[in-house]
Amino acid sequence: MTEAVSNEAPTDWASEAMQARIRRRYAQERGFKALGLLALTLACGFLLLLMASVISSGWTAFVQTQVRVPVTFDAGELGVTAEQAKANPELLRRADFEGVMQQSVTRAFGNGAVLVSDGAWLQLREAAMADPSLIGTTKDMWLIATSNIDQLAKGRIDLQAAEGDRPVTDAEIAAWRKLGAAGDLRKAFNRTFLTGADSVDPELAGVWGALKGSFLTLIVTLLISFPVGVLAAIYLEEFAPKNRWTDVIEVSINNLAAVPSIIFGLLGLAVFLNFLNMPRSAPVVGGLTLALMTLPVIVIASRAAIKAVPPSIRDAALGIGASRVQVVFHHVLPLALPGMLTGTILGMARALGETAPLLMIGMRAFLTSVPQGLAQPATALPVQIFIWSDNVSRGFLEKTSGAIIVLMLFLLAINSLAIYLRNKFEVRW
Amino acid sequence: MSWGFAWLALLVAAAGFWMGRARGVRFAEAGAHEIGSVHSRPHYHGLFVAILALLPAMALLLLWALLGDRLIAREVLASVPAGGIGATDLDREAFLSEVRGLVRGDYAAAFDPNAEAAAALWKQLAQRWGVVFGLGSVALAAMGALWGWSRLRPQFRARTRVERMTMLLLVVASLVAILTTFGIVASLVFESFRFFELVSPMEFLFGTNWSPQTAMRADQVGSSGAFGAVPLFWGTVFIGAIIAMIVAIPLGLMTAIFLTQYAAPGFRKVAKPVLEVLAGVPTVVYGFFAALTVAPAVRDFAISIGISDASSESALAAGLVMGVMIIPFVSSMADDALTAVPQSMRDGSLAMGATPSETIRKVLIPAALPGIVGGVLLAVSRAIGETMIVVMAAGLAANLTANPFHSVTTVTAQIVALLTGDQEFDSAKTLSAFALGLVLFLVTLALNVYALAVVKTYREAYD
């Protein structure tokens, strides 16, 4: 046995130099930890900033400014009397409410600045159809203000700027001040924003058309990608032999999951529109394209869910005489379904937020009506956000942010559903 | 129209199921005294009949849905008097699209005098062929059901047949993925090939001048357009692989380190979902934020430090926001890589007296480096394929500049610009989008394959 002899003196932990070094190392340690916390704070802070900026500029989209106008439902101008309207309400659909509105507005405010939205006559028609006895009478009505008055009332216009530098004229500001002083201005919940479709006038634009387009698109996506994805996952996980073919399938699924979404848009354009001549801008094409995009996500999630089912379940079923197909469809599938559903819902959430592929297949049309069917032109909520964000009109800025709030609320709801399902049905064996 | 027939065929199949099942029940009752005298349970008999009814009917309807349009188009074209439409494919396409518009009711009146008659013929043919195919499918369903029903016997192996058909369905479902990949490659390659007939691949890949505007008249200046894509490739790399990664790698890595090494489990539980929210924000929202809030701030900053020609659409704004978008991705990849490092290595380092940060910097990160690099490569592939942020914040000016305050454009932004709005499908301008798509597809594919291979070999090293 030889003793390892060290020539060095034992470490003097108490020495000044050593203490300084340890202090430095501990300081480094604290610094590193702080750096980590800083990174996390920055990431979360950015999220907060994003939310705050969207909400602060978007919440006013849900509020609308209205102007009080004494409206005279002149039977002569309308071309319909109260009795005729009561007998046949359809007559009111063709009556000239636009003219009635113009007259009433001119009578109330003169021919100066435009204060009431061009589309406000729809409110008159709605009121008259609900109560035909209004015809021939005069009633104070709260009509939708123009976007400029709306923006003024919301304080979003810099009044200090010179007239040429701001979107509203001095006449509009004067009229707005007068209305406010007279109490003829109020703010109300913006029903149009949630029930309307796109419009050239910001005060009449709504998200319902885009939202319905998104729903129709997602229904197609779900109907295709869920069954196909689940069946493919079952095959790959439970039945596929290990050979070159199944390898090719696996590799292509894994690669598809990472292909940029815009490539799927190009695929949709080339195959569905140009080769199969399917209708442009239609939810069915958007749904098919997004289904191909979502498919790998669902396959991967479903395979994980199937893998998590313990082999003892399969062995038990096989042991009492079930066939392999029966084992899978009667026992493995029901147990794996919650996991599959969670994956599918997350895939749907991604599809709901997707914009680029839908732009490729033309779902960016300007549509003032709500889409009625799968083959009709439609747009989707994220695409609507993109279209509005391009609009220079001041009023569309808050509408864009408002639409983003709606989209984020839907995503929140969908993701919460997925988390709820995961927590409720997750089984740990 | 064809939906009605599809429902009818479905009804026939349902009836087939019910009849087959009823027959199975009778078999079961008759053979109840002797075990093994009946092979399958009643509902398998029913399913067998239903599948035989449904399969051929649906195949025929699908065929009609896919090919009907072409069939009618050919007949309609043949009906137009000679000389009525131009001879080229393009003329024919234009004529057909007008006729389709008329049929669908998009246009009130026809521009081409022949189109009106053609549209009427189209409607008539669509109705006639729709009825023929629809009735055919219902007849096929009925025949299939009858044939299947006639084959039922107590010893008939209905379950085996049904299961074999189920297997077929499973295989078909898993082939969809291959078909999609094939469809992507085929459509990109096919359209790119047509593009390279017009523009040489050399000019596309190495040219430095990008201005795809094709002029309205042939004699206009620059009517041919220029398709040198280098500025686009540079812009993509500049935003996606440089600026975004400068943001995402340090922040993502440090976030992962903090969450895996320092944070208490409770804190981790709160912070992780926040990162997931960051990952779940739609890219169009990021794009809006980049264009509305970040880009003006970046421009003001640039002007304040004396760069007077700063553009309102800057590479920096798009890159910054894209970097933030990628943070959760980098963080989760680094998280996986760090937690895969064996605990013994960490313990060994700590036992030697290293502080946690020294352990992380000198032991964990070097050990996890392949996994982290793989994750970063995947992040780059995701960043260069990202579309909406660059469309909304980076602009369309194809500049070859390294100044982050200038506007650059990317491959994805150009694809969107080229394919939205008015387009004629044979112009080099439209086709170039597919060539760009092909390059994008190949590059992201290569990055993914390489990154996954790196991650995989690294995982195996510690397993």
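Computed from a predicted model, the values in this text were never measured in an experiment.

J.: Break down the overall build of chain A for me, citing the residues and quoting the values.
T.: Within chain A one finds 18 helices and three strands. A compact globule built from 429 residues would reach a C-alpha radius of gyration of about 22 Å, whereas chain A, at 32 Å, exceeds it by more than 25%. Seen along its three principal axes, the alpha-carbon backbone of chain A occupies a region of about 120 × 80 × 40 Å. By residue count, 45% of the 429 residues in chain A fall in the buried class.

J.: Talk me through the overall build of chain B; I want residue IDs and the actual numbers.
T.: Summing up its helical and strand segments, chain B has 15 helices and two strands in all. For 463 residues, the compact-globule formula gives about 23 Å, and the C-alpha radius of gyration of chain B, at 31 Å, lies well above that figure. Referenced to the eigenvectors of the C-alpha coordinate spread, the extents of chain B come out at roughly 85 × 75 × 35 Å. For chain B, the proportion of its 463 residues judged to be buried stands at 44%. Intrachain contacts of chain B at a sequence separation of at least 6 include 74% that bridge at least 24 residues.

J.: Explain the packing of helix 7 (residues 230-262) of chain B against helix 10 (residues 315-339) of chain B residue by residue, including any values.
T.: Residues and elements named next belong to chain B. Put simply, helix 7 and helix 10 touch, their axes get as near as 5 Å, and they point 40° apart. Put simply, helix 7 runs oblique to helix 10. Classified by chirality, the crossing of helix 10 by helix 7 is right-handed. Class assignment for the residues of the contact of helix 7 with helix 10 results in 25 nonpolar, eight polar and one charged.

J.: Got a sec to walk through the interface of chain B and chain A? Specific residues and values, please.
T.: Each partner contributes to the interface: chain B provides 65 residues, whereas chain A provides 67 residues. A total of 19 residues in the side of chain B that touches chain A trace back to one element, the largest contributor, which is helix 5 (residues 158-198) of chain B. For the side of chain B that touches chain A, the residue count by class is 41 nonpolar, 20 polar and four charged.

J.: Which residues make up the sheet that holds strand 2 (residues 138-144) of chain A, and what values do they have?
T.: Residue and element names in this part refer to chain A. Reading across from one edge, 2-1-3 is the order of the three strands in this open sheet, with antiparallel pairing throughout. If you trace the sheet from one side to the other, it starts and ends with strand 2 and strand 3 (185-189), each paired once. In this sheet, neighbouring strand axes are inclined to one another by 40° on average, regardless of whether the strands run parallel or antiparallel.

J.: So what's going on with the domain arrangement of chain B? Residues and values would help.
T.: According to the domain assignment, chain B contains domain 1 (2-156) and domain 2 (226-462). The C-alpha-based centres of domain 1 of chain B and domain 2 of chain B are spaced at 48 Å.

J.: Before we move on, can you summarise the domain arrangement of chain A with the specific residues and values?
T.: Residue and element names in this part refer to chain A. What the domain assignment lists for chain A is domain 1 (59-189) and domain 2 (208-425). Taken together, the contact pairs eight residues of domain 1 with seven residues of domain 2. Grouping the constituent residues of the side of domain 1 that touches domain 2 by class yields three nonpolar, three polar and two charged.

J.: An account of the nonpolar core is requested, with residue identities and associated values reported.
T.: All names here are of chain B. Formed by 191 residues in total, the largest nonpolar core has its most connected members in Ala290, Ala318, Val321, Val330, Ile389 and Ala393. It is helix 7 that provides the largest number of residues to this core, a total of 18 residues. Sequence-distant contacts of alanine 318, defined by excluding residues within four places in its chain, comprise Ile239, Ala290, Ile389, Val390, Ala393 and Ala394.

J.: Tell me about helix 5 (residues 97-109) of chain A, and name the residues and values.
T.: Residue and element names in this part refer to chain A. Given a rise of 1.5 Å per residue, 13 residues ought to cover 18 Å, and the 18 Å separating the end C-alpha atoms of helix 5 matches this to within 8%. Buried within helix 5 are the following residues: Phe97, Val100, Met101, Ser104 and Val105. Each buried residue of helix 5 lies within a common arc of 125° when the element is viewed along its axis, so the set occupies one face. Tucked inside the fold, the buried residues of helix 5 contact strand 1 (63-72), helix 2 (75-78) and helix 6 (121-130). Glycine 110 lies just past helix 5 and shows a positive phi near 80°.

J.: Tell me about the pairing of strand 1 of chain A, and name the residues and values.
T.: Residues and elements named next belong to chain A. Here five bridges tie strand 1 to strand 3, and the two strands are oriented antiparallel to one another. Within strand 3, the position partnered with glutamine 66 by the bridge is arginine 186. Summarising the sheet, strand 1 and strand 2 pair through seven bridges and their orientation is antiparallel. Paired with proline 70 across the two strands is aspartate 140, which belongs to strand 2.

J.: Mind laying out the environment of Ala403(A), listing which residues take part and the relevant values?
T.: Residue and element names in this part refer to chain A. By secondary structure assignment, the location of alanine 403 is in helix 18 (residues 394-425). On a C-alpha basis, the gap between alanine 403 and glutamine 384 in space is 8.0 Å, while along the polypeptide they are 19 residues apart. Residues contacting alanine 403, with those up to four places away along its chain left out, are Val207, Leu381, Gln384, Ile385 and Trp388.

J.: I'd like a rundown of the packing of helix 10 (residues 208-239) of chain A against helix 5 of chain B, residues and numbers included.
T.: Here helix 10 of chain A crosses helix 5 of chain B at 105°, and the two axes come no closer than 8 Å. Between helix 10 of chain A and helix 5 of chain B, the angle is such that the two are roughly perpendicular. Taken together, the residues of helix 5 of chain B that come into contact with helix 10 of chain A (itself represented by Val228(A), Leu231(A), Ala232(A), Ile234(A), Tyr235(A), Leu236(A) and Phe239(A)) are Met167(B), Leu169(B), Leu170(B), Val171(B), Ala173(B), Ser174(B), Val176(B) and Ala177(B). A breakdown of the residues in the contact of helix 10 of chain A with helix 5 of chain B according to their chemical character gives 14 nonpolar, one polar and no charged.

J.: An account of unusual backbone geometry is requested, with residue identities and associated values reported.
T.: Here Ser281(A), not a glycine, exhibits a phi torsion of approximately 60°, which is positive. Mapping Ser281(A) onto the fold places it in the loop between helix 12 (261-275) and helix 13 (283-307).

J.: Got a sec to walk through helix 7 of chain B? Specific residues and values, please.
T.: Residues and elements named next belong to chain B. Along its 33 residues, helix 7 runs 44 Å from first to last C-alpha, staying within 8% of the 48 Å computed at 1.5 Å per residue. The principal kink in helix 7, of about 50°, is found at methionine 245. For helix 7, the tally of buried residues reaches 25 of 33 residues, placing the bulk of the element in the interior.

J.: For the confidence of the model for chain B, give the residues involved together with the corresponding values.
T.: Here chain B shows a mean pLDDT of 86. Residues at 70 or above account for 92%. Under the prediction, the complex receives an ipTM of 0.89, its pTM being 0.88.

J.: Which residues make up the environment of Asn88(A), and what are the values?
T.: Residue and element names in this part refer to chain A. Relative to the elements of secondary structure, asparagine 88 occurs in the loop between helix 3 (82-87) and helix 4 (90-94). Taking the number of C-beta atoms within 10 Å as the measure of exposure, asparagine 88 has 11 and is therefore exposed. Residues asparagine 88 and proline 132 lie 44 residues apart in sequence; the distance between their C-alpha atoms is 9.9 Å.

J.: Pulling in residues and values, what's your account of the environment of Phe95(B)?
T.: The topology assignment puts Phe95(B) in helix 3 (residues 89-104). Distance from Phe95(B) to Ala118(B), taken between C-alpha atoms, is 9.5 Å for residues 23 residues apart in sequence.

Rules used in this analysis
Residues numbered from 1 in each chain as written. Chains lettered and ligands numbered in written order. Predicted model: local features only at pLDDT ≥ 70, side-chain atom pairs only at ≥ 80, totals over all residues. Helix = DSSP H or I, 4+ residues; strand = E, 2+ residues; numbered from the N terminus. Rg over C-alpha atoms; globule rule 2.2 N^0.38 Å. Buried ≥ 20, exposed ≤ 12 C-beta atoms within 10 Å, placed from the backbone. Contact = placed C-beta atoms within 7 Å. Axes fitted to C-alpha atoms, helices over the stretch in contact; angles between N-to-C directions. Parallel < 35°, antiparallel > 145°, perpendicular 65-115°, else oblique. Left-handed = near helix turned anticlockwise from the far one by under 90°. Nonpolar A, V, L, I, M, F, W, Y, C, P; charged D, E, K, R; others polar. Pairing = 2+ DSSP bridges. Domains from an automatic or database assignment. Core = buried A, V, L, I, M, F, W, Y, C linked by C-beta atoms within 7 Å. Expected span 1.5 Å × (residues − 1). Arc of directions from axis to C-beta. Bend = angle between axes of the 7 residues up to and from the residue. pLDDT = per-residue confidence, 0-100.

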